[in-house]
Amino acid sequence: MAKMDLWFTEYQNENLSIGLRIKQTLHSEKTEFQDLDVVETEQYGRLLVLDGCVMTTDKDEFVYHEMISHVPLHTHPNPKRVLVVGGGDGGVIREIIKHPSVEKAVLAEIDGRVIEASKEYFPHIASGLSDPRVDVQVTDGIKYVKDHPGEFDVILVDSTDPIGPAVGLFAKEFYQSVYDALKPDGLFVAQTESPFANQSLIKNVFSDVKSVFKQAYLYLAFVPTYPTGMWSFTMGSKQYDPREPQALRPKDTKYYSTAVHQAAFALPRFVEELVQS
Ligand code: SPD
């Protein structure tokens, strides 16, 4: 019998796509906010897809989740209260609670179905959601941030791509609310897409974050299943310089280390040009 030739394809534009051969579809639904699919791939294990875009896979999720979490949490000397906007799969929360200083981590995810699907299909990613320090709020992250001024040491924006429910998370007005929700020495990080495929977005976000925070930094990590592989994160900081990390605290990381933290801020020239004003 012939092997089925089934592929998942994420299209960046009409000329660029990333494809993964799939074994089977495990789940497919239209939530109140977006299309949500879980498929089993040959190469990367299970894959979570929102609105046709790769969110995370079993095999490479650690890169993104460690780098969006541990870089800011090793920049702040004593992070106690941390907020995640988005990130319903729970991967960022799992990394945050590895830090013993963290007393409370709030997850503000607009789509409760992402949380439920992750618990069912990605239990190793969602594992931290039941930790007693974690407060899961199914709510609009933009409103949550506005309603909690001055509360957080660190805010992490683990958004989907800048379409659908995530559009407002890439706006200057949102970065001002994030600034206001931070303590006087707070800092934040947002995922900001690929320097190959999303140059104008990176430029705009960086200039908006810089105008709000005064200190803005871009860093990179390499996520094989995200379009082009090269992925960026933008940090706004009120006080601390992320290029001077605290000593390594959690030991159980697979990508993050102090050396990787420092190296992540070394930008290839074409990326550096995107963030020079
Ligand atoms: N195109 C990938 C954008 C990634 C956004 N967030 C991923 C969620 C993983 N927690």
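You'll find the structure just up there.
The model shown is predicted, which means the values in this text are computed figures rather than measured ones.

Before we go on, may I ask you to explain the layout of surface pockets in this structure?
To locate leftover empty space, one rolls a probe as large as a water molecule over the atoms. The calculated volume of the largest pocket comes to roughly 400 Å³. Around the largest pocket sit 33 residues that line it, and G86, G87, D158, S159 and T160 are the ones nearest its centre. Only β4 (45–50), β5 (53–57), α1 (61–73), β6 (81–86), β7 (104–109) and α4 (141–146) provide two or more residues apiece to the lining of the largest pocket. Taken domain by domain, the makeup of the lining of the largest pocket includes at least three residues from each of domain 1 (7–57) and domain 2 (61–276). F206, K210, A216, Y217, L218, R243, F265, L267, E272 and V275 together form the lining of the second largest pocket. Contributions of two or more residues to the lining of the second largest pocket are made by α6 (199–213), β11 (215–222) and α8 (269–275). Of the residues forming the lining of the second largest pocket, the biggest block, 3 residues, is contributed by β11. Class assignment for the residues of the lining of the second largest pocket results in 7 nonpolar, no polar and 3 charged.

Sorry if this is basic, but what is going on with the sheet that holds β4 here?
Backbone-to-backbone hydrogen bonds pair the strands of a sheet. The strands run either parallel or antiparallel. Taken in spatial order, the 5 strands line up as β1-β2-β3-β4-β5 in an open sheet, and their pairing is antiparallel. The open sheet has two free edges, formed respectively by β1 (7–13) and β5, since each of these has just one partner strand. Neighbouring strand axes in the sheet, compared pairwise and without regard to direction, differ in orientation by 45° on average. Bridge count for β4 against β5 is 4 bridges, and the pairing is antiparallel. In the strand pairing of β5, L47 is matched with T57.

Explain the nonpolar core to me, please; I cannot follow it from the model alone.
Generally speaking, a soluble globular protein has its nonpolar side chains buried in company with each other. With 43 residues, the main nonpolar core has M67, I93, I96, Y219 and F233 as its most contacted residues. At 7 residues, the largest contribution of residues to this core is made by α1. Two domains each provide a minimum of three residues to this core, namely domain 1 (7–57) and domain 2 (61–276). In this view, F233 contacts Y64, M67, I68, V189, A190, Q191, T192, Y217, L218, Y219 and A221; residues no more than four positions away in its chain are not counted. Core analysis: the next-biggest nonpolar cluster, separate from the first, contains 34 residues, V157, F174, Y175 and L182 among them.

Conventions and cut-offs
Residues numbered from 1 in each chain as written. Predicted model: local features only at pLDDT ≥ 70, side-chain atom pairs only at ≥ 80, totals over all residues. Heavy atoms only, no water. 1 Å grid on protein atoms, 1.4 Å probe; cavity = no way out; pocket = protein on both sides within 12 Å on 5 of 7 lines; lining within 4 Å. Points joined across faces, edges and corners; volume = space filled by probe spheres on them. Helix = DSSP H or I, 4+ residues; strand = E, 2+ residues; numbered from the N terminus. Domains from an automatic or database assignment. Nonpolar A, V, L, I, M, F, W, Y, C, P; charged D, E, K, R; others polar. Pairing = 2+ DSSP bridges. Axes fitted to C-alpha atoms, helices over the stretch in contact; angles between N-to-C directions. Core = buried A, V, L, I, M, F, W, Y, C linked by side-chain atoms within 4.5 Å. Buried < 20%, exposed > 50% of the residue type's maximum accessible area, 1.4 Å probe, protein only. Contact = heavy atoms within 4.5 Å.

That's the geometry; what it means functionally is another story.
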